[in-house]
Amino acid sequence: MAPTRKAANARASKAAEQAAPDGVEAPFQKGLIPAPTPVSFLDAHGERVTPVTDDYVAPDDDDVLECYRRMVIGRRFDAQATALTKQGRLAVYPSSRGQEACQVGSVLRIREDDWFFPTYRDSVALVSRGIDPVEVLTLLRGDAHCGYDPAATHTAAQCTPLATQLLHAAGVAYGEQRQGRDRVALAFIGDGATSEGDFHEALNFAAVFKAPVVFVVQNNGWAISVPLEKQTAAPSLAYKGIGYGVVCEQVDGNDALAVLAVVGKAVDWARSGKGPVLIELHTYRMEAHTNADDQTRYRTSDEVESWKQKDPVERLATYLRSVGRLDDDLDAQYAQEAEDFAADLRDRMNEDAQPQVTSMFAHVYDGPTAQLVEQRDMVFEEIEAERETLPASGKDA
């Protein structure tokens, strides 16, 4: 560990010790203060390094290998979804390329019966959680507000409004706690959304009621075209938890080992009743904000190229090869699995959806209001009137 890093860590730990109340168990870094530099187990080239803090245990290589497999599949899925957008099969697609370690590593640390609250950019996380990729893309194709069943999958609909899902996550986590179930909620958010009031309200509520929720900020450097320095003057976004009494940490989000280690500990912490955790994952969005964005207007190609050198997939592959867990044959097997996954997705997405008109009225309220019934009946009358004008063959279509 570099001397400057040791000194910085010592200063942070000392300050945290002084800040921690007597009798309160000190989490992670002592007190609430995050590590002075992002926690990492791998350098940019995939070689093992000593973490800045000894609060975390490196994950088992079996878990790391499974994480890599899902990251390979996730990246291929992302590329296929991008291609489908260019072909007109999707209305819009926010790419996750470059953020695979954040998304896959995080969801691997929650159980099937835990709750997950994604943003619009977290399609790779949803696929890694085991949700049908066609159902994942239903929203982005415009066929329905959500293609999968949130109750059955314990996964909320992808959220486009910024930060609103954090309040939902805190409320669901608290509700599960009140009912005596040891379920945790994992909620994703982007760096730009930390400027929204819902973010602060959710942290405060979760802290006061010790809701078992883990908030994960994927700090990819850009809120569309707004750089991080115009979002906050804080040393890092992780520090935003301190004022609310929330345990917080910052992590190298392109290091899958670090993500697995820190998120895993955070989930265990929340599940044991000790309260919420805020984690900032430092990463980078390799592609444009969406297919409608011109990234050349606000960031340079040199910046993008510099982050390509920190690619999370290649970085993890290098590590796994160095410890003898990955070779050419196994890597080729994973690549073929990813290709098969993409081919199946492509074939099924080429089938035109058959949305039902009634579906637009089915999920507005728990029970239809009088006004909604009136609107529904009006639409049905217009459809029936249109059918009456068609030839006999058209009425049967």
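Rules behind the numbers
- Residues numbered from 1 in each chain as written.
- Predicted model: local features only at pLDDT ≥ 70, side-chain atom pairs only at ≥ 80, totals over all residues.
- Heavy atoms only, no water.
- Helix = DSSP H or I, 4+ residues; strand = E, 2+ residues; numbered from the N terminus.
- Buried < 20%, exposed > 50% of the residue type's maximum accessible area, 1.4 Å probe, protein only.
- Contact = heavy atoms within 4.5 Å.
- Polar contact = N/O pair within 3.5 Å; in protein donor to acceptor, adjacent residues only side chain to side chain.
- Pairing = 2+ DSSP bridges.
- Right-handed = clockwise from strand over helix to strand, strands pointing away.
- Phe/Tyr/Trp six-rings, centres within 6.5 Å; stacked < 30°, edge-to-face > 60°.
- Lys NZ or Arg CZ within 6 Å of the ring centre and 35° of its normal.
- Axes fitted to C-alpha atoms, helices over the stretch in contact; angles between N-to-C directions.
- Salt bridge = Lys/Arg side-chain N within 4 Å of Asp/Glu carboxyl O.
- Core = buried A, V, L, I, M, F, W, Y, C linked by side-chain atoms within 4.5 Å.
- Parallel < 35°, antiparallel > 145°, perpendicular 65-115°, else oblique.
- Left-handed = near helix turned anticlockwise from the far one by under 90°.

*Asks:* How do you make sense of the environment of Gly253 when you look at a structure like this?
*Replies:* Within the secondary structure, Gly253 is located in the loop between strand S6 (247-252) and helix H9 (256-271). What makes Gly253 buried here is its relative accessible area of 0%. Spatially, the C-alpha atoms of Gly253 and Ala144 are 32 Å apart, while their sequence positions differ by 109 residues.

*Asks:* Could you clarify how one ought to interpret helix H11 (residues 312-322) in this entry?
*Replies:* One full turn of an α-helix is made of 3.6 residues, so residues set three or four places apart face in the same direction. Of all the residues in H11, the buried ones are Pro312, Val313, Arg315, Leu316, Ala317, Tyr319 and Leu320. At its buried positions, H11 is contacted by helix H2 (61-86), helix H3 (100-107), S6 and H9. Of the residues flanking the start of H11, the one acting as N-cap is Asp311, its side-chain oxygen 2.9 Å from the backbone nitrogen of Val313. Among the residues trailing H11, Gly324 stands out with phi positive, at a value near 75°.

*Asks:* Honestly, the pairing of strand S2 (residues 185-190) in this entry has me stumped. Any pointers?
*Replies:* Working note: regular strand, side chains alternate between the two faces of the sheet. Taking burial as the measure, the 6 residues of S2 include 5 buried ones, the bulk of the element. One ladder, built from 3 bridges, connects strand S1 (residues 115-117) with S2; its direction is parallel. Of the residues in S2, the one forming a bridge with Trp115 is Ala185. Summarising the sheet, S2 and strand S3 (residues 213-219) pair through 6 bridges and their orientation is parallel. Note on S3: the bridge partner recorded for Ile189 is Val217. For the crossover that starts at S2, traverses helix H8 (residues 197-208) and ends in the parallel S3, the hand is right-handed.

*Asks:* Hey, could you run me through the packing of aromatic side chains in this one?
*Replies:* Enumeration according to the criterion identifies 9 aromatic pairs in this entry. When the centroid spacing of 5.0 Å and the interplanar angle of 85° are considered together, the rings of Phe116 and Phe188 count as edge-to-face. With Phe116 in strand S1 and Phe188 in strand S2, the pair connects residues that are 72 residues apart, well separated along the chain. On the accessibility criterion, Phe116 (0% relative accessible area) is buried. Note on Phe188: relative accessible area 0%, which makes it buried. Relative to Phe209, the ring of Phe205 has its centre 4.8 Å away and its plane inclined at 40°; by these criteria the two rings are tilted. What makes Phe205 partly exposed here is its relative accessible area of 30%. We classify Phe209 as partly exposed; its relative accessible area is 37%. What links up through ring pairs into an aromatic cluster is the set Tyr174, Phe205 and Phe209. Here Lys310 stacks its cationic end above the ring of Trp307, 4.3 Å away from the centre of that ring.

*Asks:* Would you explain the sheet that holds strand S7 (residues 277-282) in this entry?
*Replies:* Strand pairing in a sheet is mediated by backbone hydrogen bonds. Such pairs are either parallel or antiparallel. The 5 strands lie next to each other as S1-S2-S3-S7-S6, forming an open sheet whose pairing is parallel. Pairing within the sheet leaves two strands with one partner each, and these edge strands are S1 and S6. If you compare each strand with its neighbour and ignore which way they point, the axes differ by 20° on average. In the packing of helix H7 (residues 164-178) onto the sheet, contacts are made with S1, S2 and S3, and the angle to S2 comes to roughly 170°. Sheet strands in contact with H8 are S2, S3 and S7, and its direction is about 150° off that of S3.

*Asks:* Any chance you could explain the pattern of salt bridges here in plain terms?
*Replies:* Once their charged atoms are close, side chains differing in charge can pair, the charge on each being opposite to the other. Applying the stated criterion across every chain yields a total of 25 salt bridges. Note that Arg111 and Asp113 form a salt bridge whose closest N and O atoms lie 2.9 Å from each other. The exposure class assigned to Asp113 is partly exposed, which follows from its relative accessible area of 27%. It is possible to trace a salt-bridge network through shared partners that takes in Arg111, Asp113, Glu176, Arg181, Asp182 and Arg183.

*Asks:* Got a minute to help me understand the nonpolar core in this structure?
*Replies:* One broad rule of soluble globular proteins: the nonpolar side chains tend to lie buried together. Residues Tyr68, Leu137, Val214, Ile279 and Leu316 are the most contacted members of the largest nonpolar core, which totals 68 residues. In terms of residue count, H9 provides more of this core than any other element does, 12 residues in total. Not counting the four nearest positions on each side in its chain, Leu137 is found in contact with Phe77, Ala81, Leu84, Leu90, Tyr93, Leu345 and Met349. If you look at the next biggest cluster of nonpolar residues, it comprises 27 residues, including Ala169, Ala170, Ile189 and Val213.

*Asks:* Just to check I follow, could you spell out the packing of helix H5 (residues 133-141) against helix H12 (residues 328-349) for this structure?
*Replies:* Packed helices, taken two at a time, are described by the angle between their axes plus the distance between the axes. In the contact formed by H5 and H12, the axes pass within 10 Å of each other and the chain directions differ by 50°. Accordingly, the angle class assigned to the pair H5 and H12 is oblique. The hand of the H5/H12 crossing is right-handed. Counted together, Pro133, Val134, Leu137 and Arg141 of H5 and Phe341, Leu345, Arg348 and Met349 of H12 form the full contact between these two elements.

*Asks:* Can you walk me through the side chain of Thr194 in this structure?
*Replies:* Along the chain, Thr194 falls in the loop between S2 and H8. A polar contact is formed between the side chain of Thr194 and the backbone oxygen of Asp191, at a distance of 2.6 Å. With near-sequence residues (within four places) excluded, Thr194 lies in contact with Ile189, Phe199, His200, Val217, Leu237 and Lys240.

*Asks:* Honestly, the environment of Cys248 in this entry has me stumped. Any pointers?
*Replies:* As for its placement among the helices and strands, Cys248 is situated in strand S6. Residue Cys248 is classed as buried on the basis of its relative accessible area, which comes to 1%. It is 14 Å that separates the C-alpha atoms of Cys248 and Asp268, two residues lying 20 residues apart in sequence. Setting aside its immediate chain neighbours within four residues, Cys248 contacts Leu32, Ile33, Pro34, Ala238, Ile242 and Leu278.

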